[in-house]
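Structure at a glance
Spelled out from the first residue to the last, the chains are:
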Amino acid sequence: MEEQQLEPSDIIKTGLKYIDDAITEDSNTKLFLWNTIEKVLNRPNDNYKSLADIIDIIFHPPAGRAIELLLSSELGDDVSSFLLKNKSFYISLNQSFGFDYHTSIMSYNNSPLSLVKLELLSGNTNIVRILRADKSYLDLDLDSVGIAYFVEFMFNLMNSSFVNVDEDYRRDFLNFMKGRVESAQSINHE
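Attention here is on the structure that accompanies the text. (Residues numbered from 1 in each chain as written. Predicted model: local features only at pLDDT ≥ 70, side-chain atom pairs only at ≥ 80, totals over all residues. Heavy atoms only, no water.)

Counted by the stated rule, this structure contains two aromatic pairs. Relative to Tyr90, the ring of Phe89 has its centre 5.6 Å away and its plane inclined at 55°; by these criteria the two rings are tilted. Look at Phe89 and you get buried, because its relative accessible area is 9%. Looking at Tyr90, the relative accessible area reads 0%, which means it is buried. (Phe/Tyr/Trp six-rings, centres within 6.5 Å; stacked < 30°, edge-to-face > 60°. Buried < 20%, exposed > 50% of the residue type's maximum accessible area, 1.4 Å probe, protein only.)

Encoded structure:
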């Protein structure tokens, strides 16, 4: 059966079965797979070959796509229910390489300078970390005025980048943003 015809759940079940069988034959397969993923995700984008393609060469399709789906998922009950064998290993892969996989895809598809994540640093702080696909980051100390300025700047930037976008999409997006702002305001007033 062609991989493209399979549902994501079937890709994960089928692909991980090939890997599970290889691990059963040789426990060093875990280390080999770990090192392969690490090397592929940390290489420069020169001569890009997808992680799935490389893993498929080692195992059997759709093992590579199964690993990509595993790395890109949140491992909710819908995914973790397929992890019958080697569950802790697969969860460890997801937790260790999920962000690297995401940045690799963003870097290749868009740019190494693509924004991939914003996070508030832990603790009672105003520091916001902005992460790029090249894994570099910028920390901003934003008080309420700084946050308002940043949001306004990003909103204006997004609005100006919609010059050549379908008018319905633009309207829907702006209404979505307005709803998010109103939701945030209502939370602050509670």
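Resuming the write-up.
With that settled, consider unusual backbone geometry. Excluding glycine, residues mostly have negative phi values, and the peptide bonds linking residues are mostly trans. The peptide bond linking Pro61 to Pro62 adopts the cis configuration, its omega dihedral lying at 10°. For Pro62, the position within the fold is in the loop between α3 (51-58) and α4 (63-72). In this structure, Asn86 is a non-glycine residue whose phi angle is positive, near 60°. Locating Asn86 in the fold gives a position in the loop between α5 (77-80) and α6 (87-109). Within the chain, Lys135 stands out as a residue other than glycine whose phi angle is a positive 70°. Relative to the helices and strands, Lys135 is located in the loop between β2 (127-132) and β3 (137-141). (Helix = DSSP H or I, 4+ residues; strand = E, 2+ residues; numbered from the N terminus.)

What follows deals with the side chain of Ser114. Tracing the sequence through the fold places Ser114 in the loop between α6 and β1 (115-120). Ignoring any residue separated from it by four or fewer positions in sequence, one finds Ser114 in contact with Met106, Leu131, Arg132 and Ala133. (Contact = heavy atoms within 4.5 Å.)

The next thing to look at is the sheet that holds β2. Taken together, the three strands give an open sheet; going across it, the order is β1-β2-β3, and neighbouring strands pair in antiparallel fashion. Because the sheet does not close on itself, it has two edges, and the strands there are β1 and β3. Each strand of the sheet is rotated relative to its neighbour by a mean of 20°, with strand direction disregarded. Note: β1 against β2, five bridges, orientation antiparallel. (Pairing = 2+ DSSP bridges. Axes fitted to C-alpha atoms, helices over the stretch in contact; angles between N-to-C directions.)

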